[in-house]
Amino acid sequence: MDTRIFTKECSSLAGAGYETHLIAPDAPEGMHNGVRFHSITRGRGRLNRMTKTVSDVYRKAIEIDADAYHFHDPELLPVGLLLKIKGKKVVYDVHEDVPRQILSKYWIPAPLRKVISRTFEVFENFAAKRFDAIAAATPFISKRFARIGCYSLYVNNYPLLAEFVMPERDWSRKEQAATYIGGISVKRGIQEMVKAMERTDAKLLLAGKFIPESLREETTRIPGWERVEEFGHVSRGEVQQILGRSMAGLVTLHPIINYKDALPVKMFEYMAAGIPVIASDFPLWREIVEGNECGICVDPLDDKQIAEAIQYLVSHPEEAQRMGDNGRRAIEEKYSWEMEAKKLVAMYESFGPGAQRTLPLQKQVSSQ
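Here the structure is a predicted model, which is why all the values come from computation and not from measurement. (Residues numbered from 1 in each chain as written. Predicted model: local features only at pLDDT ≥ 70, side-chain atom pairs only at ≥ 80, totals over all residues. Heavy atoms only, no water.)

Glancing now at the packing of aromatic side chains. Summed over the entire model, instances satisfying the criterion amount to eleven aromatic pairs. Between Phe71 and Phe131, the ring centres sit 5.5 Å apart and the planes meet at 85 degrees, which makes this aromatic pair edge-to-face. With Phe71 in strand E4 (residues 68-71) and Phe131 in the loop between helix H5 (110-128) and strand E6 (133-136), this residue pair connects regions lying 60 residues apart in the sequence. Measuring from centroid to centroid gives 5.5 Å for Tyr348 and Phe351, while their planes differ by 70 degrees, and the two rings are edge-to-face. The burial state of Tyr348 is the same as that of Phe351; both residues are buried. An aromatic cluster is defined as three or more aromatic residues linked by ring pairs; in this entry it consists of Phe71, Tyr92, Phe131 and Phe145. Above the face of the Phe126 ring, Arg130 is positioned so that its terminal group lies 3.7 Å from the ring centre. Positioned above the aromatic ring of Trp171, the side-chain terminus of Lys174 is 5.0 Å from the ring centre. (Phe/Tyr/Trp six-rings, centres within 6.5 Å; stacked < 30°, edge-to-face > 60°. Helix = DSSP H or I, 4+ residues; strand = E, 2+ residues; numbered from the N terminus. Buried < 20%, exposed > 50% of the residue type's maximum accessible area, 1.4 Å probe, protein only. Lys NZ or Arg CZ within 6 Å of the ring centre and 35° of its normal.)

So this is what it looks like as structure tokens:
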């Protein structure tokens, strides 16, 4: 289940007194953390998800008859418009700058990407202007919708402090290891990370799913793979264990347009876990990492720079701990979900007493 949708947003709304329902594929029916789950069948294949699954979501949404609907998947834009026609409050939760994201979709033929990107942006803007609010995952996305006249606020996908309880840490007992947790792809820097390991005395703790799966075989042939400890998909509890072993967290995404203005949750989770961040040297990220003295920024396309940053941190545990402590302090003071939840609840309060039954819609489980 998507952490932003259920653990953060739904649970926060339920905790604020809203009757909250969640529609999601293969969801466990019943009440969970104050949220009523409703399951639909997961579609097989992209076309099936875009047709039958979307139709199933709409039917279930009408059956529940909520006052306000909060949807997350761009494929549900037509559902949002239909609900507005019925006089409902509708919130579009935008996790990604989808038009720019389309430009890097490997499964879309390259000659078609610009046309599809522009066509989608025109339709998304048309729909967004008719919704009651845009809840954007970053300030950059929020500003994009504000420019076309939408009521738009950013509800950043910062970590829950409660998930990252800080035990007493003995850095002398940590492993000489850096960690990457999340979706694994070429554009998220997997090849440079693996190449970098050959130049270090450290190992890479790698958790997540290869996208596409065929990339794994190619990656295992890169020199440096012998220093990788692979976990595959892991639970939230296992994430904490892996971070507890690590002396640094890697978020060296490539400089594509959809990443430069993003706020990747993994960066903030590394900070919440009290370990320094090795991050791509994007202006926004540099402001966070260097501004809080919680890590090192590198050229994500230069495996030598990545290796030097890893080696520096594993060779200087006192400095690594200082950076890790700074990152944790920044999370507590500026970057926690607990503060973002207040924005979300305030938005619903602005809708008035006629929006006490909320229904977040999740067409498909998203990856972090």
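The next point concerns the sheet that holds strand E10 (residues 228-232). What the six strands build is an open sheet, ordered E10-E9-E8-E11-E12-E13; its pairing is parallel. Unpaired on one side and paired on the other, E10 and strand E13 (295-298) mark the two borders of the sheet. Taken pair by pair, the neighbouring strands of this sheet meet at an average axis angle of 20 degrees, ignoring direction. Packed onto the sheet, helix H7 (residues 190-197) meets strand E8 (177-181), strand E9 (203-207), E10 and strand E11 (248-251) and runs at close to 155 degrees relative to E9. Lying over the sheet, helix H11 (residues 265-272) contacts E8, E11 and strand E12 (277-280), oriented at roughly 170 degrees with respect to E11. (Pairing = 2+ DSSP bridges. Axes fitted to C-alpha atoms, helices over the stretch in contact; angles between N-to-C directions. Contact = heavy atoms within 4.5 Å.)

The next point concerns the side chain of Ser246. Along the chain, Ser246 turns up in the loop between helix H9 (236-245) and E11. Dropping the residues within four chain positions of it, Ser246 is found in contact with Lys174, Ala177, Thr179, Leu205 and Ile275.

What follows covers the domain arrangement of the chain. Under the domain assignment used here, the chain contains domain 1 (8-158 + 337-350) and domain 2 (161-334). If you look at the interface, domain 1 gives 15 residues, while domain 2 gives 15 residues. Counting each side, the surface lost to burial between domain 1 and domain 2 is near 1,200 Å², with a carbon and sulfur contribution of 64%. The largest share of the area that domain 1 buries against domain 2 comes from Tyr106, Tyr158 and Met339, three residues that together contribute 34% of it. Viewed at the interface, domain 2 and domain 1 are joined by zero salt bridges. Where domain 1 touches domain 2, the interface holds two residue pairs in polar contact (both at pLDDT 80 or more). Listed by contribution, the elements that provide at least two residues to the side of domain 1 that touches domain 2 are helix H4 (98-102), helix H6 (139-146) and helix H15 (337-350). (Domains from an automatic or database assignment. Buried area = accessible area lost by both parts, 1.4 Å probe. Salt bridge = Lys/Arg side-chain N within 4 Å of Asp/Glu carboxyl O. Polar contact = N/O pair within 3.5 Å; in protein donor to acceptor, adjacent residues only side chain to side chain.)

All right, on to the environment of Arg144 then. In this fold, Arg144 is placed in helix H6. In contact with Arg144, not counting residues within four places along its chain, are Asp97, Pro99, Arg100, Glu121, Glu124 and Asn125. Side-chain polar atoms of Arg144 contact the side chain of Asn125, separated by 3.3 Å.

This brings us to the side chain of Glu9. Note on placement: Glu9 falls in helix H1 (residues 3-15). Ignoring any residue separated from it by four or fewer positions in sequence, one finds Glu9 in contact with Arg4, His70, His72, Asp93, Val155, Trp337 and Leu344.

Next up on the list: H7. Among the eight residues of H7, seven are classified as buried, and the element is accordingly described as predominantly covered. For H7, every residue scored as buried is listed here: Ile190, Gln191, Glu192, Met193, Val194, Ala196 and Met197.

Cross-referencing UniProt, the feature "domain: Glycosyl transferase family" (unreviewed entry) maps to residues 172-329 in the present numbering. Measuring from the first to the last C-alpha atom of residues 172-329 gives 21 Å, for a span that is 44% helix and 17% strand. (UniProt positions renumbered as here; feature names shortened; annotations may be inferred.)

What follows is about the packing of H11 against helix H14 (residues 317-333). Across the interface, H11 lies against H14 with an axial gap of 7 Å and an inter-helix angle of 110 degrees. Regarding the angle of H11 to H14, the classification is roughly perpendicular. On the side of H11, the interface is formed by Phe268, Met271 and Ala272, while H14 contributes Gly324, Gly327, Arg328, Ala330 and Ile331. (Parallel < 35°, antiparallel > 145°, perpendicular 65-115°, else oblique.)

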